[in-house]
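Coordinate inspection notes
For reference, the chains in residue letters:
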Amino acid sequence: MEKDILAKELKKILNSGKVYFGIKQAKKAIKRGEAKLIIYAKNFPERNEIEKWELPKIAFDGDGMELGAYCGKPFSVAVVTIVDEGESNILKMVK
C-alpha cells in the first residue's frame, strides 16, 4: 500500500476508530479477538513473530519514527493494531 494512501486511512482511523500502539497491546488485542489489522514498521525487530499471526497485516515501508509521525505521535511506533477502522476503508483495501 502506498504511503500517502496509508497516511490518509490512518488519519481517518485515528479520528473515528480505535487503535492500540505497541507490541504488548497488539498481543493483548489478538488474545481478546479484537485485532482486525496490524501495521508494523520495517525496522521492527520482532517482524518474524508478527508475520506468523493469522490476521491481515501491512508491512509499513518506513521506520518506527515515520510510522509514529503518520499516527501523529512524537515518538517511534513499531506496531499499530486496528481494533475499529471507523470511517476508513483500510480493511477492504487489504483483503
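Criteria and thresholds
- Residues numbered from 1 in each chain as written.
- Predicted model: local features only at pLDDT ≥ 70, side-chain atom pairs only at ≥ 80, totals over all residues.
- Heavy atoms only, no water.
- Helix = DSSP H or I, 4+ residues; strand = E, 2+ residues; numbered from the N terminus.
- Rg over C-alpha atoms; globule rule 2.2 N^0.38 Å.
- Buried < 20%, exposed > 50% of the residue type's maximum accessible area, 1.4 Å probe, protein only.
- Areas by Shrake-Rupley, 256 points an atom, 1.4 Å probe, with all protein chains shown as cover.
- Core = buried A, V, L, I, M, F, W, Y, C linked by side-chain atoms within 4.5 Å.
- Contact = heavy atoms within 4.5 Å.
- Phe/Tyr/Trp six-rings, centres within 6.5 Å; stacked < 30°, edge-to-face > 60°.
- Salt bridge = Lys/Arg side-chain N within 4 Å of Asp/Glu carboxyl O.
- Arc of directions from axis to C-beta.

1. Thoughts on the overall build of the chain
A tally of helices and strands in the chain yields 5 helices and 4 strands. The helix and strand sequence of the chain, counted from the amino end, reads α-β-α-β-α-β-α-β-α. By the compact-globule yardstick of 12 Å for 95 residues, the chain fits well, its C-alpha radius of gyration being 12 Å. Taken along its principal axes, the extent of the C-alpha atoms in the chain is 25 × 25 × 20 Å. Here the chain, with 95 residues, has 38% of them falling under the buried criterion. Of the accessible surface of the chain, which amounts to about 5,600 Å², a share of 49% is contributed by carbon and sulfur atoms.

2. Re the nonpolar core
Residues L6, L37, I39, L67, V80, I82 and I90 are the most contacted members of the largest nonpolar core, which totals 16 residues. Apart from residues lying up to four places away in sequence, V80 is in contact with V19, Y20, F21, L37, I38, I39, L67 and C71. In this structure, A29, I38, I50 and V79 belong to the second largest nonpolar core, which totals 13 residues.

3. Section: the packing of aromatic side chains
Under the counting rule described, the total for this entry stands at 1 aromatic pair. Taking 5.2 Å as the distance between ring centres and 70° as the angle between the ring planes, the aromatic pair formed by F60 and Y70 counts as edge-to-face. Taken together, the residues F60 in strand 3 (residues 57-60) and Y70 in helix 4 (residues 64-70) connect sequence positions 10 residues apart. Here Y70 falls in the partly exposed class, since its relative accessible area comes to 23%.

4. Quick notes on the pattern of salt bridges
Within the structure shown, the criterion is met by 6 salt bridges. Across the pair E49 and K27 runs a salt bridge, and its minimum N-O distance is 3.4 Å. Linking E49 in helix 3 (residues 47-52) with K27 in helix 2 (residues 23-32), this pair joins segments that are 22 residues apart in sequence. K27 sits in the partly exposed class, given a relative accessible area of 36%. Between R47 and E51 there is a salt bridge whose closest N-O contact spans 3.7 Å. Of the two residues, R47 and E51 both sit in helix 3, 4 residues apart, roughly one turn of that helix. Relative accessible area serves as the criterion here: at 28%, R47 is assigned to the partly exposed category.

5. Details of helix 2
Along helix 2, the positions that sit buried rather than exposed are I23, A26 and A29. The arc enclosing the buried residues of helix 2, seen along the axis, measures out at 120°, which places them on a common side. Among the exposed residues of helix 2, those oriented more than 90 degrees off its buried face are K24 and K31. Packed against the buried residues of helix 2 are strand 1 (18-21), strand 2 (37-41), helix 3 and strand 4 (79-84). Just beyond helix 2, the residue with positive phi is G33, at close to 80°.

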